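Residue-level listing of the chains:
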Amino acid sequence: MAFQLDFGALLQYLGLFLEGTAVTLGLTAVASFLGISIGIAGAAALRTRCAACRNLVKTYVELIRNTPFIVQMFFIFFGLPSIGFRLTALQAAALAMTINLAAYAIEIIRAGLEAVPAGQAEAGRSMGLRPALIFILILLPQAFANVYPALVGQITITMLESAVVSQIAVVDLTHVADFIQSRNFRSFETYLVITIIYLVLAVMMRRLLAHAGRGLFAGRAR
Amino acid sequence: MEFTTWDIARNLLLAAPLTLLLSAIAFAGGGLVGLLLLVVRIGPCKWASNCVMLYVELFQSTPLLLQLFLVYFGLPMLGIEVSAWVAASVCLTLYASAYLTDIWRGSVDAIPRGQWDGSASLGLHYISQLRLVILPQATRMAIPPTVGFLVQLVKSTALASILGYHELVRTAQILTNATFQPFLIFGLVALIYFAICYPLTSLSRDLERRLAQK
């Protein structure tokens, strides 16, 4: 059987490709912002004296890190409506990605905080700063500088894993591929092109964020 | 026909071995391919080493879901008809091999240069150097992250459901369509995955701690 690859049939869908890319990147941006914010709060909670808070955060991290993303997403999108919590597909996808990234971000930021020398907090105390200010002004910036590459890696992983949100009919890049191949039956070519787009996005994202990091943490990063 | 909670739980528990089987195949196959790739990656041939690097990069920078689609739709174009089961096994094997090669290369890199030089001065050839001196030392370091990766692999097999392979998630979808109890079903599925993955996560952490104490 002679098979000819035919990419020409894909050109007419350029607009859809762009829309799908925008949805994928938009979801990733929202999840990154919210996920890292929760990550900071969670990592802070792990340093408090409240044992219940610490255990709550630990349980959350373990539950998320030891279950597949797709199951978390199905639970949110299909499971939660039956207890009266109804979300659109896009909201459910954003929530699932946020919850997932947050668990990894807590672990990463916690490690970053632990790597900051104890003398830094002590110096802050000796200057009369309140604990909250020590955390925000002294510990957090150094922790971020320590683990910035790991956070960039996790954000990229979240972007790649978001391909699964097409399964609850969010019109992301992968969903665009599903749609096109159902029309032209050129499954392989369509998925190949989309895979290459993801590859370019992932490589560019790492480059750009690493570049931004060099500017942000100039002189701090080790 | 009425489904009791026990019927649902029983059907899910019956599907769990298929998730484990797919994980085991991908891990064994990926380990084998990964070992071969490792030998090339850290070998003397620069060109071949770069090819393996590119292979690893491709798998780590594209979504697993699309890798699955490419294998599932790509192999038939080469004249090989595959079932969802075969496509998932092949794809996850390649996926695992890329990650394992990368993890193991990290362990080999951590071996001091002197070990290579020392074994070379004894007149050992590249393969003997690896087999007798480098790999035995690197293995100890490689075990904790390898177990950690196994957790990632078990979770990754969930995507085989999208191709239609009847593992845990696919079974859960079918049960949901029959019973309209998604909250219970996906909650149970999450618990089953947790029961598989959490012991592995703990094991990996313990091994790492023990290694650090030595």
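Residues numbered from 1 in each chain as written. Chains lettered and ligands numbered in written order. Predicted model: local features only at pLDDT ≥ 70, side-chain atom pairs only at ≥ 80, totals over all residues.

A.B. asks: Whenever I open this one, the overall build of chain B confuses me. Can you help?
C.D. replies: Each helix and strand counted, chain B has 9 helices and 0 strands in total. The N-to-C order of helical and strand elements in chain B reads α-α-α-α-α-α-α-α-α. Dimensions of chain B, computed from the C-alpha atoms along their principal axes, are close to 75 × 50 × 25 Å. Restricting the contact set of chain B to residue pairs at least 6 apart, pairs at least 24 apart contribute 75%. (Helix = DSSP H or I, 4+ residues; strand = E, 2+ residues; numbered from the N terminus. Contact = placed C-beta atoms within 7 Å.)

A.B. asks: Before we go on, may I ask you to explain the overall build of chain A in this structure?
C.D. replies: The helix and strand inventory of chain A stands at 8 helices and 0 strands. Each principal axis of the C-alpha atoms in chain A carries an extent, and together these give about 75 × 45 × 30 Å. Here chain A holds 222 residues, and 41% of them are scored as buried. In chain A, the proportion of contacts linking residues at least 24 apart, taken out of those at least 6 apart, comes to 76%. (Buried ≥ 20, exposed ≤ 12 C-beta atoms within 10 Å, placed from the backbone.)

A.B. asks: What should I look at first to understand the nonpolar core in this one?
C.D. replies: Most often, soluble globular proteins keep nonpolar side chains buried together rather than apart. Core analysis: the largest hydrophobic core is formed by 112 residues, its most contacted members being Val71, Met73 and Ala93 of chain A together with Leu68 and Val189 of chain B. By residue number, the principal contributor to this core is helix 4 (residues 89-114) of chain A, which donates 16 residues. (Core = buried A, V, L, I, M, F, W, Y, C linked by C-beta atoms within 7 Å.)

A.B. asks: Just to check I follow, could you spell out the packing of helix 1 (residues 5-41) of chain B against helix 2 (residues 46-60) of chain B for this structure?
C.D. replies: Between two packed helices, both the angle of their axes relative to each other and the distance between the axes serve to describe the pair. Residue and element names in this part refer to chain B. Contact geometry for helix 1 and helix 2: axes closest at 8 Å, N-to-C directions at 135 degrees. When the axis of helix 1 is compared with that of helix 2, the two are oblique. Taking contact as the criterion, the partners of Leu37, Val40 and Arg41 in helix 1 are, on helix 2, Ala48, Ser49, Val52 and Met53. Classifying every residue of the contact of helix 1 with helix 2 by side-chain character gives 5 nonpolar, 1 polar and 1 charged. (Axes fitted to C-alpha atoms, helices over the stretch in contact; angles between N-to-C directions. Parallel < 35°, antiparallel > 145°, perpendicular 65-115°, else oblique. Nonpolar A, V, L, I, M, F, W, Y, C, P; charged D, E, K, R; others polar.)

A.B. asks: What's the story with the interface of chain B and chain A in this structure? I'm lost.
C.D. replies: By convention, interface size is frequently given as the accessible area that disappears when the constituent parts associate. Listed as interface residues are 29 residues of chain B and, on the opposing side, 32 residues of chain A. At the level of elements, helix 3 (64-74), helix 6 (126-156), helix 8 (168-179) and helix 9 (182-213) of chain B are the ones that each hand at least two residues to the side of chain B that touches chain A. With 11 residues, the top contributor of residues to the side of chain B that touches chain A is helix 9 of chain B. Taken together, the residues of the side of chain B that touches chain A break down into 21 nonpolar, 7 polar and 1 charged.

A.B. asks: Is there a simple way to think about the packing of helix 4 (residues 84-109) of chain B against helix 6 of chain B in this case?
C.D. replies: All names here are of chain B. Taken N-terminus to C-terminus, the directions of helix 4 and helix 6 make an angle of 145 degrees; their axes are 8 Å apart at the nearest point. Crossing geometry of helix 4 relative to helix 6 is assigned as right-handed. Contacts between helix 4 and helix 6 involve Leu92, Tyr95, Ala96, Tyr99, Leu100, Ile103, Trp104, Ser107 and Val108 from the former and Ile134, Ala138, Met141, Ala142, Pro145, Thr146, Phe149, Leu153 and Ser156 from the latter. Residues that form the contact of helix 4 with helix 6 fall into these classes: 15 nonpolar, 3 polar and no charged. (Left-handed = near helix turned anticlockwise from the far one by under 90°.)

A.B. asks: In this structure, what is going on with the environment of aspartate 172 of chain A? I would like to understand it.
C.D. replies: Note on placement: aspartate 172 of chain A falls in the loop between helix 6 (131-161) and helix 7 (173-184). Expressed as a C-alpha distance, the spacing of aspartate 172 of chain A and valine 23 of chain A, which sit 149 residues apart in the sequence, is 5.2 Å.

A.B. asks: Got a minute to help me understand helix 3 of chain B in this structure?
C.D. replies: Since one α-helical turn is 3.6 residues long, residues separated by three or four positions face the same way. With 9 of its 11 residues buried, helix 3 of chain B lies for the most part within the structure. Looking at helix 3 of chain B, one finds that the buried residues are Leu64, Leu65, Leu66, Gln67, Leu68, Phe69, Val71, Tyr72 and Phe73 of chain B. Here the buried face of helix 3 of chain B lies against helix 7 and helix 8 (187-216) of chain A together with helix 2, helix 4, helix 6 and helix 7 (160-163) of chain B.

A.B. asks: Teacher, can you tell me more about the confidence of the model for chain B here?
C.D. replies: When pLDDT drops low, the exact placement of atoms in the prediction is not to be read closely. Across chain B, pLDDT averages 94, with 100% of residues at or above 70. Overall fold confidence (pTM) sits at 0.92, and the ipTM for the predicted complex is 0.92. (pLDDT = per-residue confidence, 0-100.)

A.B. asks: Please clarify how the environment of methionine 53 of chain B should be interpreted in this entry.
C.D. replies: All names here are of chain B. With respect to the helices, strands and loops of the structure, methionine 53 is situated in helix 2. For methionine 53, a count of 15 C-beta atoms within 10 Å gives the class partly exposed. When the C-alpha positions of methionine 53 and threonine 139 are compared, they lie 21 Å apart, and in sequence the two are 86 residues distant.

A.B. asks: Where do I start with unusual backbone geometry in this structure?
C.D. replies: The phi angle of most residues is negative, glycine excepted, and most peptide bonds adopt the trans form. Residues and elements named next belong to chain A. The residue phenylalanine 185 is not glycine, and still its phi comes out positive at about 60 degrees. Within the secondary structure, phenylalanine 185 sits in the loop between helix 7 and helix 8. Of the residues examined, phenylalanine 185 has 9 C-beta atoms within 10 Å and is grouped as exposed.

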